[in-house]
Number of protein chains: 2
Amino acid sequence: MAPGTRDALIEAAADLLDRGGVEAVTLRAVGHQVGVSHNAPYKHFANKEALLAAIAAREATRLVTAPHGEDTPEAALRRTMHDYVTWALEHPARFRLVFGPWTTESPELAAAAHAAHTRLIGTVAAAQRSGVLPTGDPERAASLVRALAHGAADLALAGHLAADGKGHADPHQLIDDLLDHLRTATAATRPAHGGGQEGR
Amino acid sequence: MAPGTRDALIEAAADLLDRGGVEAVTLRAVGHQVGVSHNAPYKHFANKEALLAAIAAREATRLVTAPHGEDTPEAALRRTMHDYVTWALEHPARFRLVFGPWTTESPELAAAAHAAHTRLIGTVAAAQRSGVLPTGDPERAASLVRALAHGAADLALAGHLAADGKGHADPHQLIDDLLDHLRTATAATRPAHGGGQEGR
DNA sequence: ACCTGAACACCGTTCAAGT
DNA sequence: ACCTGAACACCGTTCAAGT
């Protein structure tokens, strides 16, 4: 498998990223941690941004590859969104790297993001069919749910959510609030035929 | 009024920020644009972050100070959220500065943010009373609406919303979608008594 | 009270060499 | 094919002076 200094560079950079944020990942520190000179990375990546993009691609691929237990459509959607903010809160720097603006075009990163997007649309479409999400373009509904989770996570990370420290607006609560309201709205516009799924 | 090089520094920094993002605002460039040495800013700000915080505070104050026309509660809420994303899309760097993580404590910035938060809660509470938003803690409902607008703006700025270029998920559309759904959900849980407000 | 010039430590990036 | 050392341009920040 060869020594694989390229993987070692990514690993070291990800470690520095988790430990001190994106400002802590410097080519000199990365090289030092791997035991290599500070410009050795240029033999494996075009520049620093390409290295960061490689971290983002690795992380995004892992997220998409992670197994999803089989649940009812609504539970699957809820868990997907909760997992999203849980991951964001645990790994702020990775979150910003993957879902922030991309300065470098990375085919793997784009592919992973597209796969995640496609899977979410499928989950949303299933939830729509089971009557817990309003009908309409599944992509549009997916964007709605995704935008809320993203905004809740981003505001929480920035410290702009719980204004009075009373825990008034936990990101997880906001996700449940949204899905509850959407289910209520869906039930209202549907011709009442029993009350939807009560499958446990 | 004195020459006011402090204000000139803020103005120049904001100009550089709009033009080339936060990475373009360098103390040397700021000083040069004002016609002063590159360490003159240290006579007015503790460091670079304090200068950026001053920009954020000025911007946040302007946002809160901006006049709000008098509308029906629902229209006021809708306009507030649309204005939020319009501003974010027009001034991405300012948006990230004001609503991103604060690295420096700025009393003015905190005060402006608190004022904006308080006003939004008032708008939300009025919308709740008029029956277009679900009842419950106004702060919680405000956070829901705010998180969606923030997430939609942030994803759009990062280029992660319109996946297929078909304009499937415009941030403004998502805001209207959310408020439409919330109104529907509210009408459903309310004892029907005519259909809510049709006040013009 | 405000500003300057030189200096320091730290970056990303390039390049001529080395194996 | 991969790596090194020196060098360059650019940062934020500090400090001894100047007025």
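Residues numbered from 1 in each chain as written. Chains lettered and ligands numbered in written order. Predicted model: local features only at pLDDT ≥ 70, side-chain atom pairs only at ≥ 80, totals over all residues. Heavy atoms only, no water.

Asks: Please explain the overall build of chain A as it appears in this structure.
Replies: A count of helical and extended segments in chain A gives eight helices and zero strands. Ordered by position from the N terminus, the helices and strands of chain A form the series α-α-α-α-α-α-α-α. Across its three principal axes, chain A shows a C-alpha extent of roughly 70 × 40 × 30 Å. Taking all 200 residues of chain A together, 44% fall into the buried category. A sequence separation of at least 24 residues applies to 68% of the contacts in chain A between residues at least 6 apart. Of the accessible surface of chain A, which amounts to about 10000 Å², a share of 56% is contributed by carbon and sulfur atoms. (Helix = DSSP H or I, 4+ residues; strand = E, 2+ residues; numbered from the N terminus. Buried < 20%, exposed > 50% of the residue type's maximum accessible area, 1.4 Å probe, protein only. Contact = heavy atoms within 4.5 Å. Areas by Shrake-Rupley, 256 points an atom, 1.4 Å probe, with all protein chains shown as cover.)

Asks: I tried to follow the interface of chain B and chain A on my own but got confused; where do I start?
Replies: Listed as interface residues are 38 residues of chain B and, on the opposing side, 38 residues of chain A. For the pair chain B and chain A, the summed buried area comes to about 3300 Å², and 64% of that belongs to carbon and sulfur atoms. For chain B, the biggest contributors to the area lost against chain A are Arg 140, Leu 144 and His 160 of chain B; these three give 18% of the whole. Summed over the shared surface of chain B and chain A, the number is two salt bridges. Residue Arg 140 of chain B pairs with Asp 177 of chain A through a salt bridge whose shortest N-O separation is 2.7 Å. Those elements giving two or more residues to the side of chain B that touches chain A turn out to be helix 5 (92–99), helix 7 (138–158) and helix 8 (171–189) of chain B. It is helix 7 of chain B that provides the largest number of residues to the side of chain B that touches chain A, a total of 13 residues. Of the residues contributing to the side of chain B that touches chain A, the split by class is 19 nonpolar, 11 polar and eight charged. (Buried area = accessible area lost by both parts, 1.4 Å probe. Salt bridge = Lys/Arg side-chain N within 4 Å of Asp/Glu carboxyl O. Nonpolar A, V, L, I, M, F, W, Y, C, P; charged D, E, K, R; others polar.)

Asks: Can you walk me through the protein's contact with DNA strand D in this structure?
Replies: Around DNA strand D, the structure places 17 residues, and the nearest of them are Ser 37, Asn 39 and His 44 of chain A together with Thr 26 and Arg 28 of chain B. In DNA strand D, atoms within 4 Å of the protein come from the sugar-phosphate backbone in 48% of cases. Separating a phosphate oxygen of DNA strand D from a side-chain N or O atom of His 44 of chain A is a distance of 2.5 Å. In this structure, Leu 27 of chain B approaches DNA strand D through a main-chain N or O atom, which is 3.1 Å from a phosphate oxygen. Looking at the surface near DNA strand D, its residues break down into four nonpolar, nine polar and four charged. (Near = heavy atom within 4 Å. Polar contact = N/O pair within 3.5 Å; in protein donor to acceptor, adjacent residues only side chain to side chain.)

Asks: I would appreciate a short explanation of the packing of helix 3 (residues 48–65) of chain B against helix 5 of chain B in the present structure.
Replies: Residues and elements named next belong to chain B. The contact between helix 3 and helix 5 brings their axes to 9 Å, and the two run at 100 degrees. By the criterion of interaxial angle, the relationship of helix 3 to helix 5 is roughly perpendicular. Across from Leu 52, Ile 55, Ala 56, Glu 59, Ala 60 and Arg 62 in helix 3, the residues of helix 5 making contact are Arg 94, Leu 97 and Val 98. (Axes fitted to C-alpha atoms, helices over the stretch in contact; angles between N-to-C directions. Parallel < 35°, antiparallel > 145°, perpendicular 65-115°, else oblique.)

Asks: When you look at the packing of aromatic side chains in this model, what are you seeing that I'm missing?
Replies: Aromatic rings considered in pairs are described by the distance between their centres and by the relative angle of their planes. A complete count under the given rule lists 10 aromatic pairs over all chains for this structure. Centre to centre, the rings of Tyr 84 of chain B and Phe 95 of chain B are 6.0 Å apart; their planes meet at 85 degrees, and the pair counts as edge-to-face. With Tyr 84 of chain B in helix 4 (residues 73–90) and Phe 95 of chain B in helix 5, the pair connects residues that are 11 residues apart, well separated along the chain. Side by side, Tyr 84 of chain B and Phe 95 of chain B carry an identical accessibility label, which is buried. Through a chain of ring-to-ring contacts, three or more aromatic side chains come together here, namely Tyr 84, Trp 87, Phe 95 and Phe 99 of chain A. (Phe/Tyr/Trp six-rings, centres within 6.5 Å; stacked < 30°, edge-to-face > 60°.)

Asks: Explain the packing of helix 8 (residues 171–189) of chain A against helix 7 of chain B here, please?
Replies: To describe two helices that pack against each other, one gives the angle between their axes and the distance between the axes. Contact pair helix 8 of chain A / helix 7 of chain B: the axes reach a minimum separation of 10 Å and the direction vectors enclose 90 degrees. In this view, helix 8 of chain A runs roughly perpendicular relative to helix 7 of chain B, as classed from their interaxial angle. Contacts between helix 8 of chain A and helix 7 of chain B involve Gln 173, Leu 174, Asp 177, Leu 178 and His 181 of chain A from the first element and Arg 140, Ser 143, Leu 144 and Ala 147 of chain B from the second. When the residues that make up the contact of helix 8 of chain A with helix 7 of chain B are grouped by side-chain class, the tally is four nonpolar, three polar and two charged.

Asks: Can you help me understand the protein's contact with DNA strand C in this one?
Replies: Taken together, 17 residues lie near DNA strand C, and Thr 26 and Arg 28 of chain A together with Ser 37, Asn 39 and His 44 of chain B sit nearest. Within 4 Å of the protein, the contacting atoms of DNA strand C are 48% sugar and phosphate, with bases supplying the remainder. The separation between a base nitrogen of DNA strand C and a polar side-chain atom of Lys 43 of chain B is 3.0 Å. At a separation of 2.5 Å, a phosphate oxygen of DNA strand C approaches a polar side-chain atom of His 44 of chain B.

Asks: Whenever I open this one, the nonpolar core confuses me. Can you help?
Replies: General note: in soluble globular proteins, nonpolar side chains tend to be found buried as a group. Within the largest apolar cluster, 111 residues are counted, with the highest numbers of intra-cluster contacts made by Val 30, Ile 55 and Leu 77 of chain A together with Val 30, Ile 55, Leu 77 and Phe 95 of chain B. It is helix 7 of chain B that contributes the most residues to this core, 11 residues altogether. (Core = buried A, V, L, I, M, F, W, Y, C linked by side-chain atoms within 4.5 Å.)

Asks: Explain the relation of the copies chain B and chain A to me, please; I cannot follow it from the model alone.
Replies: Each of the two chain copies can be generated from the other by rotation about an axis followed by a shift along it. Expressed as a screw transformation, the operator carrying chain B onto chain A has a rotation angle of 180 degrees and an axial translation of 0.0 Å, and the superposed copies differ by an RMSD of 0.0 Å. Taken together, the rotation and translation describe the operation of a two-fold axis. Both copies present the same face, since 100% of the interface residues in chain B are matched by interface residues at the equivalent positions in chain A. (Least-squares fit on C-alpha atoms with pLDDT ≥ 70 in both.)

Asks: Would you mind showing me how to read the environment of Ala 125 of chain B here?
Replies: Within the secondary structure, Ala 125 of chain B sits in helix 6 (residues 107–129). As a C-alpha pair, Ala 125 of chain B and Thr 186 of chain B span 61 residues in sequence and 13 Å in three-dimensional space.

Asks: Could you clarify how one ought to interpret helix 8 of chain A in this entry?
Replies: Here helix 8 of chain A is 19 residues long and its end C-alpha atoms lie 27 Å apart, about the 27 Å a rise of 1.5 Å per residue gives. Of the surrounding elements, those touching the buried residues of helix 8 of chain A are helix 4 (73–90) and helix 7 (138–158) of chain A together with helix 7 and helix 8 of chain B. Here helix 8 of chain A starts with a cap whose side-chain oxygen sits 2.9 Å from the backbone nitrogen of His 172 of chain A, and that cap is Asp 170 of chain A. (Expected span 1.5 Å × (residues − 1).)

Asks: Can you help me understand the confidence of the model for chain A in this one?
Replies: Any segment with low pLDDT has predicted coordinates that should not be analysed in fine detail. Per-residue confidence for chain A averages 92 on the pLDDT scale, and 91% of its residues sit at or above 70. Scored below 50 in pLDDT, residues 194–200 of chain A shows three contacts in the model against residues more than four places distant or in partner chains. (pLDDT = per-residue confidence, 0-100.)

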